[in-house]
Amino acid sequence: MTEPVNGGQAADTLRLQVRDLEIRSGRRDGPPVVSGISFAVRPGAVLGLVGESGSGKTTVALALLGHTRRGLSVTGGEIRLDGTDLLRLRPARLRALRGAAVSYVPQDPAAALNPALRVGYQLAEVLRVHPGSTADPAARIREVLREASLDATPDLLRRYPHQLSGGQQQRIGLAMAFACRPALIVLDEPTTGLDVSTQRRILDTVRQLCRGYGVAAVYVSHDLAVVSELADEVAVMYAGRIVEAGPAGALFAGPRHPYTRGLLAAVPEPGSDRPLAGIPGQQPPPGRRGPGCAFATRCELVLEQCRQHEPELIPLSGAAQAAATIHSAHVAAGPIPSHPADTIHSPHTVRCWRAAEEGAARTDLPRPRVAAAGPGPAALLSVRGVSARYHGVPALSGIDLDLPARACVAVVGESGSGKTTLARCITGLQQDWTGAVTLRGVPLARAARHRPRQVLRQIQYVFQNPYTSLNPRKTVGQIVAEPVQRFLGLSRGEQADRVAQVLHDVALGDSFLSRYPDQLSGGERQRVAIARALAAEPDVLICDEVTSALDVSVQAVIVELLRAAAAQRQLAMIFITHNLALVRSVAQTAVVLRHGEIVEAGPAGQILAEPASGYTAQLLADSPRLARPGAQPAADRQPS
Amino acid sequence: MTAADPPRLRRHPWLAILGQAVRTPRGAAGLGLAGFVALVAIAGPAVAPHPATALLTFPFAKPSGAYPFGADFLGRDVLSRVLDGGWVLLLMAVSATALGIAAGAAAGISAAYLRGHTDGLIMRTVDVILAFPQLVFALLLLSILGPQLWLIVLAVGLTHAPAVARVIRAATLDIAQRDYVKAAELQGMRPATVMAKEILPSLSTPLMVEAGLRLTYSIIIMSGLAFLGFGQQPPAANWGMMINENRTGLPLNPWAVIVPAAMIALLTIGTNLLTDAVGQAAIGVDRRPAEAALLDDLSLASDRVQS
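In this text the structure is predicted, and so the values were computed from the model without any measurement.

> How would you explain the overall build of chain B if you had to name every residue and give the values?
Scanning chain B from N- to C-terminus turns up 14 helices and zero strands. When the helices and strands of chain B are listed from N to C terminus, the series reads α-α-α-α-α-α-α-α-α-α-α-α-α-α. Counting across all 307 residues of chain B, residues that qualify as buried make up 47%. Intrachain contacts of chain B at a sequence separation of at least 6 include 71% that bridge at least 24 residues.

Now the structure itself:
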């Protein structure tokens, strides 16, 4: 069967071309989930597809494989891979392309690899399904494993996925994706669950493979810092639309759409203690998007025109565009010769009525704030020599930590560093630990159930995952009322007032009282969880990775909310995070954990500016950083 | 379907599940069958044309105008006995199911939530009881304690408990690890309160499915016991007993066996279908946290609940 092939120049320079893609919920009459999606990727280039949860970025990514999730259907547009429209292919042809010409690296490698099969078998399977791709499968497997920085030993091939680390699993995923030498590779947040150092090495591998083999890559992510380091071009999605697109350097240096600017302002930076600016509100779900610009409800620059008519995606013209292109060439120039930044970039396009105005173009990052008062002399909560084991393996050894009143201590560490175990020891959720934790000089019982009610009240814990920390069978009102009843002993009327007050403090209105958790977004759920903790009127708030399950714009809102609540209520806070960039925004002092031991402790600013330990320095170097105007770019963009 | 608010889990999620279940063909058929038999059993005594124990005609009389299903081995009206012989059976089956579910759920939740020695003690006891076939175990209890009706209910209920405990323990193990349970512990809730207030409501789906399944079994065991003579004593009417009493006259008046047997069959098929439909509907309503996050990502939660 012959497929129409784009003649001439386009076919030479563009590997992937998406035009006016529209995907609807249900059949043709359903509301559009994404619409008017157009972009193109050259061989060897990486397109970053950026957006918050629900923006439709994963839907678009899956469509590139000719796949739509259940309940969705493609209702318009075309996806051309080297001229062939994937959406018009018969299922058999599409299957032949998948894995061979188009491959996919999923978000969670642990879930994507078959736990019952050895990794060697799974790697060989790809080549068995597509026998045309190589004459010598064994040699190809060795080759791709080496390219993915894995040793192709028989021992590795004989292992099962659970016998590999998360980073190794994702490398196997990459090796599988590159095994058939695809023309296009779709990566769906492949480093989300990984440590920064692992993430750094995976990103380097992806970049090298794409450039080395001329593979076009579409990298889906909500992490702007990662995208700014990896991508050559960026498309920002909001509510099923591309709102801004262009070369990565130009877009990050001069974002024009208010949404892009909001996203950028929400990204924390390791070196800065400026307040994070979130984007208030939520994006409208499919079917509830009005006639105007979908961002109008959250936009500071909104005009009447914005609510009535949706703007087109138009190129920026004139001097701003030229300047931006120059900047991008500077920022994106990598060491590999075939770098596509050498070729001409697509224009920087924006979907906003006010994009051309000078005022809309300013990047308004909030000013740095004055540092909060230094830690007082007496520790409110003090941890001495705490050691714990997790399933028989030492998880913490000899931790000392002081939390002064009204201060915030950040506990930083990668997964497996013992930071959550420390929180569980302090709160008493884990009971088999040694050492001492004292609150105002009074030692605490090991297990929460042996602690008096007043002690339980004083230390409140906010869990990492707001999807599991709220009982799905209780209303928000019931959830927040629980600690009020239990700890404060108020009358019914006072209780209701208190609950409403606390909800108001976390910026949730009375209308949330009767809602159930499954009617809330992730950010709203986490606010309810914080409200539950604040309702107990604690002295110490322990926040365990409270933003790691949330979008970056929501993360900024939550962090600012915590900071405001802590200041207003004079709370002491332990802020546990893997994200070094967040530390300065929240904490005055920081403690860096590794393998259950403290490698460094001290004022947050000092640790981030001049880390004393090599480990902290490495973590800092590996943290993806947004290439901002003014910040020094390029330095750590080179593969290590 | 555009801007309409999607149906959501409300205060009684089990009602939502039941509502969805009976809207499926399978659920509707199940409810119809079970409902018909239940109606016959409950309203039967009031509408029976003749007294159930009156000797009216000759044994195994063929169906006639006065006696539509003929007569049984003593010449009593089969129709009247069928109408009269269901409600005690149904009541006993429902009570035994309720007893078994309550005891099993309590044991299963406690074992999974308290762990340690409590878990070991409860589950080893469960293993021992499960080693006996259910009917044999009930017969054993009855032969020791005598065939009183409340004892039959107790015996059948207790034989259900171990299987229920296993299912509920497995479901609780998952839920007990959720953060909201830990959050409740950190608020100083007592274990009993945590189990009743935080865990039990999340178990409504497995409990509903178990209840349906156990009800089906209860009916079969109750009828079986009645067939064997453990149950209501003659001359009272009982579907299980009627099958036994009249099987010698099968060539003469098969209806005396077929009608009560059909009632039992329809009832069990009905409850089984309904249970199946409930299980199916629950998959769509009872979402796990990871799935909920995924659906948020898709912004498709509304579509999912409806389809």
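> Any chance you could break down the overall build of chain A for me, citing the residues and the numbers?
Each helix and strand in chain A was counted, giving 24 helices and 22 strands. Taken over 640 residues, chain A has a buried fraction of 52%. Expressed as a percentage of contacts within chain A between residues at least 6 apart in sequence, the contacts between residues at least 24 apart total 71%.

> Break down the domain arrangement of chain A for me, with residues and values.
Residues and elements named next belong to chain A. Examined at the domain level, chain A breaks down into domain 1 (12-101 + 182-269 + 277-361) and domain 2 (399-617). Placing the centre of domain 1 and that of domain 2 at their C-alpha centroids yields a distance of 35 Å. With 16 residues of domain 1 in contact, the opposing surface of domain 2 contributes 16 residues. Looking at the side of domain 1 that touches domain 2, the element that brings in the most residues is helix 12 (residues 258-266), giving three residues. Residue composition of the side of domain 1 that touches domain 2, grouped by class: eight nonpolar, five polar and three charged.

> Any chance you could break down the nonpolar core for me, citing the residues and the numbers?
Judged by nonpolar contacts, the single largest core of 278 residues is most densely connected at A:L47, A:A175, A:A217, A:Y219 and A:A410. Non-local contacts of A:L47, meaning those with residues more than four positions away in its chain, are made with A:F39, A:V41, A:A217, A:V218, A:Y219, A:A231, A:E233 and A:A235.

> Which residues make up the sheet that holds strand 5 (residues 84-85) of chain A, and what values go with them?
All names here are of chain A. The four strands lie next to each other as 2-1-4-5, forming an open sheet whose pairing is antiparallel. Because the sheet does not close on itself, it has two edges, and the strands there are strand 2 (32-41) and strand 5. Direction of pairing for strand 4 (residues 72-81) relative to strand 5: antiparallel, over a ladder of two bridges. Its bridge partner lying in strand 5, R80 is registered against D85.

> Break down the pairing of strand 18 (residues 459-462) of chain A for me, citing the residues and quoting the values.
As a general feature of sheets, a regular strand has side chains that alternate between the two faces. All names here are of chain A. Burial of the side chains of strand 18 extends over both faces: I459 and Y461 are buried on one face and Q460 and V462 on the other. As paired strands, strand 18 and strand 19 (residues 540-544) are joined by four bridges and run parallel to one another. Counterpart to I459 in the pairing with strand 19 is V540.

> For unusual backbone geometry, give the residues involved together with the corresponding values.
In the segment running from B:P234 into B:P235, the intervening peptide bond is cis, with an omega of 10°. Here B:P235 shows up in the loop between helix 10 (204-227) and helix 11 (239-246).

> Before we move on, can you summarise the sheet that holds strand 18 of chain A with the specific residues and values?
All names here are of chain A. Spatially, six strands are ordered 18-19-20-15-21-22 in an open sheet, and the strand pairing comes out mixed. Looking at the sheet topology across the chains shown, the edges are occupied by strand 18 and strand 22 (597-603). Strand-to-strand twist of the sheet, defined as the mean angle between neighbouring strand axes without regard to direction, takes the value 15°.

> Residue-level account of helix 9 (residues 191-199) of chain B, with values.
Residue and element names in this part refer to chain B. Residues V194, M195, E198 and I199 constitute the buried set of helix 9. Angular distribution of buried residues about the axis of helix 9 spans 110°; they occupy a single face of the element. In the core, the buried residues of helix 9 are packed alongside helix 4 (87-114), helix 7 (149-176) and helix 8 (179-186).

> Summarise the environment of A:A410; cite the residues concerned and give the values.
All names here are of chain A. Tracing the sequence through the fold places A410 in strand 15 (residues 408-412). For A410, a count of 26 C-beta atoms within 10 Å corresponds to the buried category. For the pair A410 and L580, spaced 170 residues apart in sequence, the C-alpha separation works out to 9.2 Å. Discounting chain neighbours no more than four positions away, the residues touching A410 are F575, T577, V583, V586, A587, A590 and A604.

> Can you lay out the domain arrangement of chain B for me, pointing to particular residues and giving the numbers?
Residues and elements named next belong to chain B. In terms of domain boundaries, chain B breaks down into domain 1 (30-84 + 251-307) and domain 2 (87-236). Secondary structure elements with two or more residues in the side of domain 1 that touches domain 2: helix 2 (25-47) and helix 12 (255-285). Grouping the constituent residues of the side of domain 1 that touches domain 2 by class yields nine nonpolar, seven polar and one charged.

> Mind laying out the confidence of the model for chain A, listing which residues take part and the relevant values?
Residues and elements named next belong to chain A. Mean pLDDT for chain A: 82, with 88% of residues reaching 70 or above. When pLDDT is averaged over each helix and strand of chain A, the minimum, 43, is found for helix 14 (residues 319-332) and the maximum, 94, for strand 18. Confidence over residues 1-11 falls short of pLDDT 50; this stretch has ten contacts with residues more than four positions distant or in other chains. The low-confidence segment residues 318-344, where pLDDT is below 50, has 45 contacts with residues more than four positions distant or belonging to other chains.

> Explain helix 24 (residues 614-622) of chain A to me, using residue names and the numbers behind them.
Residue and element names in this part refer to chain A. Buried residues of helix 24: T616, L619 and D622, and no others. Looking straight down helix 24, one finds its buried side chains confined to an arc of 130°; they lie on one side. Summarising the contacts, the buried residues of helix 24 are in contact with helix 9 (196-213), helix 22 (580-586), strand 21 (589-594), strand 22 and helix 23 (604-609).

> Describe the packing of helix 18 (residues 476-488) of chain A against helix 20 (residues 522-535) of chain A, with residues and values.
Residues and elements named next belong to chain A. Here helix 18 crosses helix 20 at 25°, and the two axes come no closer than 7 Å. With respect to each other, helix 18 and helix 20 are oriented roughly parallel. Classified by chirality, the crossing of helix 20 by helix 18 is right-handed. Mapping the contact onto sequence places V476, I479, V480, P483 and V484 in helix 18 and V528, A531, R532 and A535 in helix 20.

Cut-off values and rules
- Residues numbered from 1 in each chain as written.
- Chains lettered and ligands numbered in written order.
- Predicted model: local features only at pLDDT ≥ 70, side-chain atom pairs only at ≥ 80, totals over all residues.
- Helix = DSSP H or I, 4+ residues; strand = E, 2+ residues; numbered from the N terminus.
- Buried ≥ 20, exposed ≤ 12 C-beta atoms within 10 Å, placed from the backbone.
- Contact = placed C-beta atoms within 7 Å.
- Domains from an automatic or database assignment.
- Nonpolar A, V, L, I, M, F, W, Y, C, P; charged D, E, K, R; others polar.
- Core = buried A, V, L, I, M, F, W, Y, C linked by C-beta atoms within 7 Å.
- Pairing = 2+ DSSP bridges.
- Axes fitted to C-alpha atoms, helices over the stretch in contact; angles between N-to-C directions.
- Arc of directions from axis to C-beta.
- pLDDT = per-residue confidence, 0-100.
- Parallel < 35°, antiparallel > 145°, perpendicular 65-115°, else oblique.
- Left-handed = near helix turned anticlockwise from the far one by under 90°.

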